[in-house]
Amino acid sequence: MPNAATRSLATVKRFWVFVALGSTAQACQIVLLRELLTLAEGTELTIAFVLGAWLVFTAVGSAAVSAGLKRCQNDAGLALWYAALSLLLAMCVVGDLFALRHARLWLGLPPGEPLSLGQWLVVATLALLPVALLLGAQFVAAATLTKAPNRVYIAESLGAVVAGSVGCFVLF
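Residues numbered from 1 in each chain as written. Predicted model: local features only at pLDDT ≥ 70, side-chain atom pairs only at ≥ 80, totals over all residues. Heavy atoms only, no water.

Engineer: Kindly report on the overall build of the chain, identifying the contributing residues and their values.
Structural biologist: In terms of regular secondary structure, the chain is built from 6 helices and 0 strands. Listing every helix and strand of the chain by position from the N terminus yields α-α-α-α-α-α. If one aligns the C-alpha atoms of the chain with their principal axes, the spans along those axes are about 65 × 35 × 25 Å. Contacts spanning at least 24 positions in sequence make up 79% of the contacts within the chain whose residues lie at least 6 apart. A total of about 9900 Å² of accessible surface is found on the chain, and carbon and sulfur atoms cover 73% of it. Distance from the positive charge centre (10 side chains) to the negative charge centre (7 side chains) of the chain: 20 Å. (Helix = DSSP H or I, 4+ residues; strand = E, 2+ residues; numbered from the N terminus. Contact = heavy atoms within 4.5 Å. Areas by Shrake-Rupley, 256 points an atom, 1.4 Å probe, with all protein chains shown as cover. Lys, Arg positive; Asp, Glu negative; His and termini not counted. Charge placed at Lys NZ, Arg CZ, Asp CG, Glu CD.)

Right, dumping it as structure tokens:
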């Protein structure tokens, strides 16, 4: 049976994993928003759509995975889910960046020609959907793993603040 020090160390390690989740979510949002702003040539409508879609897709990801995770009874299974979601997220972010940087070429547009609103909405939706769904699913997996959603929320928020602050100084 683990002693109090071992349980405390495990709690601290989990806390930093959830801080990393918040940092990852914020960094993904910043990078994808910047890429989509570039693709849309800086229109303000881009920001509204990206933030609204991010919110909706994250909520859908949370709702979709919550029923499945409730059936998972042990921490090892939940940790495996979390790790699998992290791996998928990494692959999706890399794929999204590649796709966004080559979207004009794939749509057959000459350099400098803007995307139509319909083209941009399709590209933005396809880019945001997998990342936001996975981040929503990861949050629910983290909250289920700890049985303390408030601590996960605090740690994730702290990570988002750190990533937003660092991103502001590094990217601007």
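Engineer: Describe the nonpolar core, and please don't skip the residues or the numbers.
Structural biologist: In this structure, Trp54, Trp120, Leu128, Val131 and Leu135 are the most contacted members of the largest nonpolar core, which totals 42 residues. Of all elements in the fold, only helix H1 (4-39), helix H2 (44-70), helix H3 (75-101), helix H5 (117-146) and helix H6 (149-171) reach the threshold of two or more residues within this core. Excluding residues that lie within four positions of it along the chain, Trp54 makes contacts with Ala25, Cys28, Gln29, Leu32, Leu128, Val131, Ala132 and Leu135. (Core = buried A, V, L, I, M, F, W, Y, C linked by side-chain atoms within 4.5 Å. Buried < 20%, exposed > 50% of the residue type's maximum accessible area, 1.4 Å probe, protein only.)

Engineer: Summarise the environment of Ser86; cite the residues concerned and give the values.
Structural biologist: In this structure, Ser86 sits in helix H3. Residue Ser86 is classed as partly exposed on the basis of its relative accessible area, which comes to 28%.

Engineer: Explain the state of the cysteines to me, and be specific about the residues and the numbers.
Structural biologist: Across all of its chains, the model carries 0 disulfides by this definition. Cysteine Cys92 shares no disulfide, and the gap to the nearest cysteine sulfur, in Cys28, comes to 9.8 Å. (Disulfide = S-S within 2.5 Å.)

Engineer: Quick one: what's the story with the pattern of salt bridges, residue by residue and with numbers?
Structural biologist: Taken as a whole and judged by the stated rule, the model has 2 salt bridges. Its salt-bridge partner being Arg101, residue Glu35 comes within 2.7 Å of it at the nearest N-O pair. In this pair, Glu35 sits in helix H1 while Arg101 sits in helix H3, placing the two residues 66 residues apart along the sequence. A salt bridge links Glu41 to Arg104; the nearest nitrogen and oxygen atoms lie 3.6 Å apart. On the criterion of sequence distance, the pair formed by Glu41 in the loop between H1 and H2 and Arg104 in helix H4 (residues 103-106) is long-range, its members being 63 residues apart. (Salt bridge = Lys/Arg side-chain N within 4 Å of Asp/Glu carboxyl O.)

Engineer: Before we move on, can you summarise a nonpolar patch on the surface with the specific residues and values?
Structural biologist: There is a patch of nonpolar side chains on the surface, built from Leu158, Val162, Val166 and Val170 and spanning about 340 Å² of accessible area. On the secondary structure map, Val166 appears in helix H6. Here Val166 falls in the partly exposed class, since its relative accessible area comes to 47%. (Patch = residues over 30% accessible without salt bridge, like charges linked within 9 Å, V, L, I, M, F, W, Y side chains within 5 Å.)

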